[in-house]
Amino acid sequence: MRYFAQRLFDGLVFKSNQVITVKNQKIVSVEQGTADEADTLLSGLVAPGFIDVQVNGGGGKLFNNEPNLATLETMSRAHQTFGTTAMLPTLITDNLATMTLAANAVALALTNKIPGIIGIHFEGPHLSSPKKGIHPESHIRPISEKELALFKRKDLGVVCVTLAPENVSCDVIKELVSSGVKICLGHSNASVEQTLAAIDAGATGFTHLYNAMSPLTSRAAGMVGAALLRDEAYCGLIVDHEHVDKVSCQLAIKCKTSEKIMLVTDAMSHVGSNQTLLTFAGMEISRTGNKLTIEGGRLAGSALDMATAVRNTVTNLDTPLDQTLQIASSTPAKFVELQNTKGQLSEGYDADWIVLTDDLHVTQTYIGGKQVFSV
Ligand SMILES: [Zn+2]
């Protein structure tokens, strides 16, 4: 199949009048051409599909509440309508039985080639209670051989684990990293020294920078200080204007550059559904506008989608469009080490792209050369 894109961002630069040739779900070539050479005309800006490394739910389903294949299909379909072509379904701190069900569901999704599912993100359970957010205290615990074995499974695709480095030793971090697990630091009260030691042990990411982590202050640089200081570390950022101040977002993007900031949604089940109330671990999470809170007003994940995060970043943070599209796609692709297959539209890459209007709304989504969403 050949597609004509009048405007295309290939992950690095903007181009015009491009013909994309696709065979066996891969891009064979992207070359200058004319509309007559193509089977299908893509009208709008064609860009690499968004990659979201933190998705708790969507389409009315929360992964923790129903950790099965049907939930993953629903979540992926819901987020495809907002341009996400690859995601890490994310399990909030839970018991081992639920973690195992979630892992089994992801393994099945990968076997069945469910579009958009590339692995799993375990957010917890080895977190810090003072920074737990909505993670159930009763399930926060030290790591044991059982969780280690689960994280090291080889049938889960990309495995990411968010942990608090004050509660997991550097030796365990090294062991997980050597098994191919991506370690993110977060929900943590660690000192800057503990955080830097965890990075030296192989941790490569920070989960929702600024939120639920020790802050940068005059006499204690905290986890935020370490995250901003160390160039090699990737940082997820929730740009819904509820979680992080706009200037703090701008500062992070300036400091880390588009090479290391990743737009994430931290979406709960509300995204892509009309749901207003969700029950999770005995808590009622309600939606007011774009904000999800539990009783008392504490933030409980987000109602953000990737397209909105992109619009917020361009419009309200004044980040150039090319950089914004990178932090929504090629940068997370590098973080999950899929930079040779995802995050770019060029020869040999997966045919995962989206079509955007001038005001950055998604009109079409393709995964593996197949249209999975169209307005
Ligand atoms: Zn979190």
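Values in this document were obtained by computation on a predicted structure and should not be read as measured data.

Caption draft 1: Quick look at the overall build of the protein chain. Helix and strand counts for the protein chain come out as 10 helices and 20 strands. Taken over the C-alpha trace, the protein chain has a radius of gyration of 20 Å; the compact-globule value for 375 residues is 21 Å, and the two agree within 12%. The dimensions of the protein chain, computed from C-alpha atoms along their principal axes, are 60 × 45 × 45 Å. When each of the 375 residues of the protein chain is scored for burial, the buried share is 53%.

Caption draft 2: Structural context of the domain arrangement of the protein chain. In terms of domains, the protein chain is made up of domain 1 (2-47 + 346-374) and domain 2 (51-335). One C-alpha centre belongs to domain 1, the other to domain 2, and the line joining them spans 29 Å. Taken together, the contact pairs 14 residues of domain 1 with 17 residues of domain 2. Secondary-structure elements contributing two or more residues to the side of domain 1 that touches domain 2 are β19 (362-367) and β20 (370-374).

Caption draft 3: Structural context of the nonpolar core. Val 161, Cys 235, Leu 237, Met 262 and Leu 263 are the most contacted members of the largest nonpolar core, which has 116 residues in total. Top element by residues in this core is helix α2 (residues 96-111). It accounts for six residues. A domain split of this core shows at least three residues from each of domain 1 (2-47 + 346-374) and domain 2 (51-335). Not counting residues within four places of it along the chain, the set of residues in contact with Leu 263 comprises Leu 237, Val 239, Met 306, Ala 309, Val 310, Thr 313, Ile 327 and Ala 328.

Parameters and conventions
Residues numbered from 1 in each chain as written. Predicted model: local features only at pLDDT ≥ 70, side-chain atom pairs only at ≥ 80, totals over all residues. Helix = DSSP H or I, 4+ residues; strand = E, 2+ residues; numbered from the N terminus. Rg over C-alpha atoms; globule rule 2.2 N^0.38 Å. Buried ≥ 20, exposed ≤ 12 C-beta atoms within 10 Å, placed from the backbone. Domains from an automatic or database assignment. Contact = placed C-beta atoms within 7 Å. Core = buried A, V, L, I, M, F, W, Y, C linked by C-beta atoms within 7 Å.

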